[in-house]
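# Architecture and fold: a report
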Amino acid sequence: MPELPEVEHVVRALQTVVAGRVIVKAELHRQRLAPDITPRSFAKKLAGATIKFIHRRGKHILFDLDNRRTLIVHLRMSGKFLLLTSDDADPKFAHAVFYFSDETRLVFQDQRHFGLMKLVDTSKLYEAKELSKLAPEPFSDEFSPGYLITRLKASNRALKEFLLDQTKVCGLGNIYASEALFLAKISPSKRTQAVSKARAEALFISIRDVLDEAIRSGGSIEVDPRNIGEGVYGEGSETAWRVYDRENEACPDCGSAIRRIKQAGRSTYYCGKCQR
DNA sequence: ACCCTCACCTGCACGC
DNA sequence: TGCGTGCAGGTGAGGG
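Here goes a summary of the coordinates provided.

## Focus: the pattern of salt bridges
Using the criterion set out here, one finds 18 salt bridges in the structure. Taking the shortest distance from any N to any O, the salt bridge between glutamate 213 and arginine 242 comes out at 3.1 Å. Separated by 29 residues along the polypeptide, glutamate 213 in helix α7 (residues 197–219) and arginine 242 in the loop between α8 (237–240) and β9 (258–263) bring together distant segments of the chain. Take glutamate 213: its relative accessible area is 36%, and that puts it in the partly exposed class.

## Notes on the pairing of strand β3 (residues 60–65)
Look at any regular strand and the pattern is simple: side chains alternate between the two faces of the sheet. Within β3, 6 of the 6 residues are buried, leaving the element largely enclosed by the surrounding structure. The side-chain alternation of β3 yields two buried faces, one formed by His60, Leu62 and Asp64 and the other by Ile61, Phe63 and Leu65. Pairing geometry for strand β2 (residues 51–57) and β3, over 6 bridges, is antiparallel. Of the residues in β3, the one forming a bridge with histidine 55 is leucine 62. Hairpin connection, β2 to β3: the antiparallel pair is bridged by 2 residues, and glycine 58 has positive phi, about 60°. Of the strand pairs in this sheet, β3 and strand β4 (residues 69–74) are connected by 5 bridges, and their pairing is antiparallel. For histidine 60, the partnering residue across the bridge sits in β4 and is histidine 74. Counting the residues that bridge the hairpin from β3 to β4 gives 3 residues, and of these arginine 68 lies at a positive phi of roughly 65°.

What counts, and at which threshold
Residues numbered from 1 in each chain as written. Chains lettered and ligands numbered in written order. Predicted model: local features only at pLDDT ≥ 70, side-chain atom pairs only at ≥ 80, totals over all residues. Heavy atoms only, no water. Salt bridge = Lys/Arg side-chain N within 4 Å of Asp/Glu carboxyl O. Helix = DSSP H or I, 4+ residues; strand = E, 2+ residues; numbered from the N terminus. Buried < 20%, exposed > 50% of the residue type's maximum accessible area, 1.4 Å probe, protein only. Pairing = 2+ DSSP bridges.

Spelled out as structure tokens, the structure:
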């Protein structure tokens, strides 16, 4: 269910715990987790591979293998990784399992079944349709106030919906989109073309601040090797959210009641007084 | 090209 | 206790 900071946290944990390990056997228990590949082919292409490096693009986790392939994983709403030992049974919803030589195994568990995996040639990784249309990484030079202004002008949706579009801005999800708009003091319903240059610049800063703050707080979480990939929001992160999930609570800046509205079928939280 | 709605799943909290 | 409803951090397909 994670947004970019939680995926970043999962990637760091995986890099610590499974980088350098050899996959001696792999099983795809649920075909639709990886619809482009048969369970048989999945097993064959992963068996014997060493996990070289784990990184990320947007909310996608990328396992670079030593056989010129990369495993792309998206956690979607409920996907998580668990590192289990031979004493542990597979939990419910264990849709893929990677066995290592030391009797441990990495289990991909996904209660809601929305997660996705895909195996691609590493040389063509960024041509994969999952990655090719993503907006620039939010901390890259390519993502700039100028970039944001151009994309805002090219669209005319409500700003909150725009922020959730990973081809426009990458990494925000439903929580951090609300949070970024609160920091920038802009209404989530404002049309993207009506955002002034100055306010677009403020929004640019807020997007980075929200993500950076969340990555920092997640970075302080101790890695639980049995539950390395839960992608949880940082310890006590709910208390750090300024408006998300706080309908009718007091705005931290002005004290007026935080509102909840529906946009594109999803809840948006904001302060009607501070955000115009 | 954009924009909107729905679909994909399970589980949990809520009101009656 | 149960049952119905609405909700959940994400996206893609399919329509207009």
